[in-house]
Protein chains: 2
Amino acid sequence: MSSNRVTSIDVAKLAGVSQAAVSRVFTPGASVSPRIVEKVRLAADRLGYRPNRLARSLNTGRSGIIGLAIGYLENQFYPELLQQLSASLQTNGYHVLVFMTGNPDEDVDKVVAEILDYQVDGLIAASVGMSSQLARRAQAAGVPVVLLNRSQDDSTMSSVTSDNHAGGRKVADFLVAGGHRRIGYIAGWESASTQRDREAGFREGLAAHGVGLWARARGEFEREAAADAARELFSTGNRPDAVFVANDHMAFPVMDVLRHEFGLRIPQDVSVVGYDDAPPANWPSYDLTTVRQDRPSMVAACVKIILAGIENRDSPPQRIAIDGPIVIRGSARIPPR
Amino acid sequence: MSSNRVTSIDVAKLAGVSQAAVSRVFTPGASVSPRIVEKVRLAADRLGYRPNRLARSLNTGRSGIIGLAIGYLENQFYPELLQQLSASLQTNGYHVLVFMTGNPDEDVDKVVAEILDYQVDGLIAASVGMSSQLARRAQAAGVPVVLLNRSQDDSTMSSVTSDNHAGGRKVADFLVAGGHRRIGYIAGWESASTQRDREAGFREGLAAHGVGLWARARGEFEREAAADAARELFSTGNRPDAVFVANDHMAFPVMDVLRHEFGLRIPQDVSVVGYDDAPPANWPSYDLTTVRQDRPSMVAACVKIILAGIENRDSPPQRIAIDGPIVIRGSARIPPR
DNA sequence: CTTGGTTTTGTATACGTATTCAAACAGGTT
DNA sequence: AACCTGTTTGAATACGTATACAAAACCAAG
């Protein structure tokens, strides 16, 4: 019932020491004698005192807050990422302040401003739409930025992705080895680096085997658009016998359309391969062959980079592409060995 | 390149006014003449000034931060909730600081302490494991708390849930009307209020129709445990002809087990009903009949309560149960009308 | 012009903590 | 006992902003 605003001064009084002493007890690496530590700890516990992190940030210039700009969580890959990211930062003494950047029409300036208002120590941008502008602005303001699961031509910006080019290539190798010759591609949002890199690697791989791309449609990284894309590809007389879908999130509705609307059997009639290894990929109903994005490694790299950026304001930008295996499940014909 | 720490004092100097004047310009409802507003705005824009929210919180006692304690995001219902919640709070000038409370073994005290360190204006607890203790502690510290999608016997705590009791009841009515008499139930984590209420409503409904519960197994709200539970229920000679699964997240693996391990057809051989209306419920592969939890309404209620609690420190606790319809899809036999 | 009331402004202070600086202290050497 | 060195300590100040208070400016009415 007592007005519960207990400050370092209260503790100092009770312990019979100066406020500075209290502060030092709670500042790792400060110079205090064991006797004072003892007294202060006792008083602090009695009063239930804990340092106010926001007040502390005024002096230290560190808030312990990492901004996370994220677009949408429908794609199951992202919640998993967020979960691991948050947990990892938490063990490092940081916490995640979430900024939803849903509609890209929204004012970028507004979001950037809000983020900076909170004096975030760093920014992780996993947003689809406006990550590039947003990140540039934040970086210009002196905040370390890491692009997660997207990258940027601008090489001054750190980024962590899977090796999308190599991944696309692996899919091409796999499908061609499986004997496919009429291979379709369902693209993601065209401006995304993930989309571009995956497609480029894929096409290169096909070309290396002397196979051309049979058909292409745009799925925009969205369920509905992907379903439409599947309908488009398979409504023609000369259907693909395999499809590479730019991410799992789109591959699921694509599989549903092929099975339930076209009555096709997977993989007997058509092979489907995705990208990400999102959780439903190993649900029996989908059992999707896909390129794994190694979430733990991506998270670890991301955290490492952002912490480095905080420690050393001008640590050089890093662009990390983590290799991931193609996970062979039942949605695509398996090449004879 | 200039050391980018621009403060209200810098602005004041440039504008030729006092620091207080600058502060007032950025404080809604403060008394400033249009002339000063003009001058300050100009100077602020020139320098790119924005008030430091953390510093501001020292005076106002408001951080604009809402803590969100959440356990795990595998259950697709939660990411959607988080997304809407965050967006809604954002439009109200608040932001979400995420606290992952993954392993319930973890020290509750530690998490509570961390949350309070950030001077959060409110706490939303959607955590499975330790929400009760955690919430109690936070509330004791004078922070408004809302339990989201779980409630508490303790009626001093606000909570927002769907009407789980009524929902369970609806499922019973529906399955009995569908002609089922051997009805099984796969339970969630036994300590969760959602689990208890859904089961209670369900049993009551069955009893009202003179039908007993045929079988029961524990799924713990986890995929693997739910799959095991399904195996347990269907390995016996006398199988259920319908199952109510305590949430969709468990219903998906249950359907997969029934189809792929037992070769059962849904709904011809067995009906399955879930709870939540998580996104995959309307994916064609599952097409799951389920009780909808009205996310937008739940989020709206939650935000309303927490904001009320912030405005008025002792606004009375509210316990809201939002009714949701049973969404009839293809996973359960449809009663003749 | 005064006067009285209202609005606007600046000065000073507070918010809760970290840190600089100089004073106080401890401990060992001669 | 006197000296030096290295560690602890408290007083004072800084961090960036909001606000109580009093001085100043304004405005309408007398």
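Before any of the text, the structure's been laid out above.
On a predicted model such as this, the values are computed, not experimentally measured, just so you know.

**Overview of the protein's contact with DNA strand D**
Logical step 1: Lining the immediate environment of DNA strand D, one finds 28 residues, of which Arg24 of chain A together with Ser8, Ser23, Arg56 and Asn59 of chain B sit closest.
Logical step 2: Sugar and phosphate atoms represent 58% of those atoms of DNA strand D found within 4 Å of the protein.
Logical step 3: The contact in question runs from a phosphate oxygen of DNA strand D to an N or O atom on the side chain of Arg56 of chain B, over 2.2 Å.
Logical step 4: Mapped by element, the contributors of at least two residues to the surface near DNA strand D are α2 (19–25) and α4 (53–60) of chain A together with α2 (19–25) and α4 (53–60) of chain B.
Logical step 5: Here the surface near DNA strand D gets five residues from one element, more than from any other, and that element is α4 of chain B.
Logical step 6: Within the surface near DNA strand D, the residues separate by chemical class into 11 nonpolar, 12 polar and five charged.

**Details of the interface of chain B and chain A**
Logical step 1: Listed by partner, the interface residues are 51 residues for chain B and 51 residues for chain A.
Logical step 2: Roughly 4500 Å² is buried in total at the junction of chain B and chain A, and carbon and sulfur atoms are behind 55% of that figure.
Logical step 3: If you sort the residues of chain B by the area they bury against chain A, Leu54, Tyr118 and Trp283 of chain B come out on top, with a joint share of 16%.
Logical step 4: Counting the contacts that link chain B with chain A gives two salt bridges.
Logical step 5: With a shortest N-O distance of 2.5 Å, Asp117 of chain A and Arg50 of chain B are connected by a salt bridge.
Logical step 6: Connecting chain B to chain A are 22 residue pairs in polar contact (both at pLDDT 80 or more).
Logical step 7: If one sorts the elements of the side of chain B that touches chain A by residue count, helix α5 (residues 77–91) of chain B sits on top with seven residues.
Logical step 8: By residue class, the composition of the side of chain B that touches chain A is 24 nonpolar, 17 polar and 10 charged.
Logical step 9: Across three bridges, the pairing between strand β2 (residues 95–100) of chain A and strand β2 (residues 95–100) of chain B is antiparallel.

**So, helix α10 (residues 223–234) of chain A**
Logical step 1: With 12 residues, α10 of chain A extends 17 Å between its outermost C-alpha atoms, agreeing within 8% with the 16 Å of an ideal straight helix rising 1.5 Å per residue.
Logical step 2: Burial in α10 of chain A covers these residues: Ala225, Ala226, Ala227, Ala229, Ala230, Leu233 and Phe234 of chain A.

**What about the pairing of strand β1 (residues 65–70) of chain A?**
Consecutive side chains of a regular strand alternate in pointing toward one face of the sheet and then the other.
Residue and element names in this part refer to chain A.
Logical step 1: Extensive coverage of β1 is indicated by the burial of six of its six residues.
Logical step 2: Because side chains alternate across β1, one face comprises the buried residues Ile65, Gly67 and Ala69, and the other comprises Ile66, Leu68 and Ile70, equally buried.
Logical step 3: Bridging between β1 and β2 involves six bridges; their strand directions are parallel. Of the residues in β2, the one forming a bridge with Ile66 is Val96.
Logical step 4: Sheet topology note: the β1/strand β3 (residues 122–125) ladder contains four bridges and is parallel. Looking at β3, one finds that Ile66 is bridged to Gly122.

**Thoughts on the packing of aromatic side chains**
Given two aromatic rings, one states the distance between the centres and the angle between the planes to describe the pair.
Logical step 1: Scanning all chains against the criterion turns up 20 aromatic pairs over all chains.
Logical step 2: A ring pair is formed by Trp283 of chain A and Tyr286 of chain B, whose centres lie 6.1 Å apart and whose planes are at 75 degrees; its orientation type is edge-to-face. A residue pair is termed interchain when its members come from two chains, as with Trp283 of chain A in the loop between β9 (271–276) and β10 (289–292) and Tyr286 of chain B in the loop between β9 (271–276) and β10 (289–292).
Logical step 3: For Trp283 of chain A, a relative accessible area of 4% corresponds to the buried category.
Logical step 4: Look at Phe252 of chain B and Tyr286 of chain B: their rings are 5.0 Å apart centre to centre, the planes differ by 55 degrees, and that puts the pair in the tilted class. Of this pair, Phe252 of chain B sits in helix α11 (residues 248–261) while Tyr286 of chain B is found in the loop between β9 and β10, placing the two residues 34 residues apart along the sequence. Neither residue differs from the other here; Phe252 of chain B and Tyr286 of chain B are each classed as buried.
Logical step 5: The rings of Phe252, Trp283 and Tyr286 of chain A together with Phe252, Trp283 and Tyr286 of chain B are connected pair by pair, giving a single aromatic cluster.
Logical step 6: Above the plane of the ring of Trp214 of chain A lies Arg182 of chain A, whose end atom (NZ or CZ) is 5.8 Å from the centre.
Logical step 7: Across the ring face of Phe26 of chain B, the terminal group of Arg41 of chain B is positioned such that the distance to the ring centre comes to 5.4 Å.

**Considerations on the sheet that holds strand β8 (residues 242–245) of chain B**
Residue and element names in this part refer to chain B.
Logical step 1: Taken in spatial order, the six strands line up as β7-β6-β8-β9-β10-β12 in an open sheet, and their pairing is mixed. Of all the strands in the sheet, the pair left with one neighbour each is β7 (215–218) and β12 (326–327).
Logical step 2: The pairing of β9 with β10 spans four bridges and is parallel. In the strand pairing of β10, Gly274 is matched with Thr290.
Logical step 3: Its contacts with the sheet put helix α8 (residues 164–177) on β6 (183–187), β8, β9, β10 and β12, and the angle it makes with β9 is roughly 165 degrees.

**Overview of the relation of the copies chain B and chain A**
Logical step 1: Expressed as a screw transformation, the operator carrying chain B onto chain A has a rotation angle of 180 degrees and an axial translation of 0.0 Å, and the superposed copies differ by an RMSD of 0.1 Å. Here the copies are linked by what is in effect a two-fold axis. When each C-alpha of chain B is compared by its distance to the rotation axis, Leu97 of chain B comes out closest, at 2.2 Å.
Logical step 2: Interface overlap between copies: 100% of the residues of chain B at the interface are likewise at the interface in chain A, consistent with a symmetric, same-surface contact.

**Some remarks on the pattern of salt bridges**
Working definition: two side chains of opposite charge can pair if their charged atoms are close together.
Logical step 1: This structure, assessed with the given rule, holds 30 salt bridges over all chains.
Logical step 2: Asp269 of chain B serves as the salt-bridge partner of Arg265 of chain B, at 3.0 Å between the closest nitrogen and oxygen.
Logical step 3: The exposure class of Arg265 of chain B is partly exposed, given its relative accessible area of 49%.
Logical step 4: Linked by salt bridges that have partners in common, Glu190, Glu199, Arg203, Arg216, Arg218 and Glu220 of chain A make up one network.

**Notes on the protein's contact with DNA strand C**
Logical step 1: Every one of the 28 residues lining DNA strand C counts as a neighbour, but Ser8, Ser23, Arg56 and Asn59 of chain A together with Ser33 of chain B are closest to it.
Logical step 2: When the atoms of DNA strand C within 4 Å of the protein are sorted by group, sugar and phosphate make up 57%.
Logical step 3: Separating a phosphate oxygen of DNA strand C from a side-chain N or O atom of Ser23 of chain A is a distance of 2.6 Å.
Logical step 4: A distance of 2.7 Å separates a base nitrogen of DNA strand C from a polar side-chain atom of Arg24 of chain B.
Logical step 5: For the surface near DNA strand C, the secondary structure elements donating two or more residues are α2 and α4 of chain A together with α2 and α4 of chain B.
Logical step 6: At five residues, α4 of chain A tops the list of elements feeding residues into the surface near DNA strand C.
Logical step 7: A per-class count over the surface near DNA strand C returns 11 nonpolar, 12 polar and five charged.

Conventions we followed
In this numbering scheme, every chain counts its residues from 1 along its sequence in written order. Working convention: letters from A go to chains and numbers from 1 go to ligands, in the order in which they are written. At least 70 in pLDDT is required for a residue's local features to be given in this predicted model, at least 80 for side-chain atom pairs to be given and counted, and no such filter applies to totals for whole chains, interfaces and linings, which use all residues. To get the side-chain values, all heavy atoms of the structure are used, and hydrogens and water are removed first. Nearness of a residue to a molecule or strand requires only that one of the residue's heavy atoms be within 4 Å of it. Counted as a polar contact is a pair of N or O atoms within 3.5 Å, where, for protein atoms, one must be capable of donating a hydrogen and the other of accepting one, and residues adjacent in sequence contribute only when both atoms are in side chains. Note on conventions: DSSP H or I runs of at least 4 residues are helices, E runs of at least 2 residues are strands, and numbering of each starts at the N terminus. Here the nonpolar group is Ala, Val, Leu, Ile, Met, Phe, Trp, Tyr, Cys and Pro; Asp, Glu, Lys and Arg are the charged ones; every other residue, Gly included, is treated as polar. Here a residue-residue contact requires only that any non-hydrogen atoms of the pair lie within 4.5 Å. As a working definition, buried area equals the accessible area (1.4 Å probe) given up by two parts on being put together, with both sides summed. Any Lys or Arg side-chain nitrogen located within 4 Å of an Asp or Glu carboxyl oxygen qualifies as a salt bridge. DSSP bridges decide pairing: two strands pair if at least two such bridges lie between them. The span expected for a helix works out to 1.5 Å for each residue beyond the first. Throughout this description, buried means an accessible area under 20% of the type-specific maximum (1.4 Å probe, protein chains only), exposed means over 50%, and partly exposed covers the range between. In this analysis, rings of Phe, Tyr and Trp, with Trp reduced to its six-membered ring, are considered paired at centre separations within 6.5 Å, and the interplanar angle assigns stacked below 30 degrees, edge-to-face beyond 60, and tilted for intermediate values. In this analysis the charged atom, NZ for Lys or CZ for Arg, is taken to sit over a ring once it is within 6 Å of the ring centre and within 35 degrees of the ring normal. Interaxial angle, 0 to 180 degrees, is taken between N-to-C directions of lines fitted to C-alpha atoms, where a helix line uses only the stretch in contact. When the copies are superposed, the least-squares fit takes in the C-alpha atoms of residues with a pLDDT of at least 70 in both.

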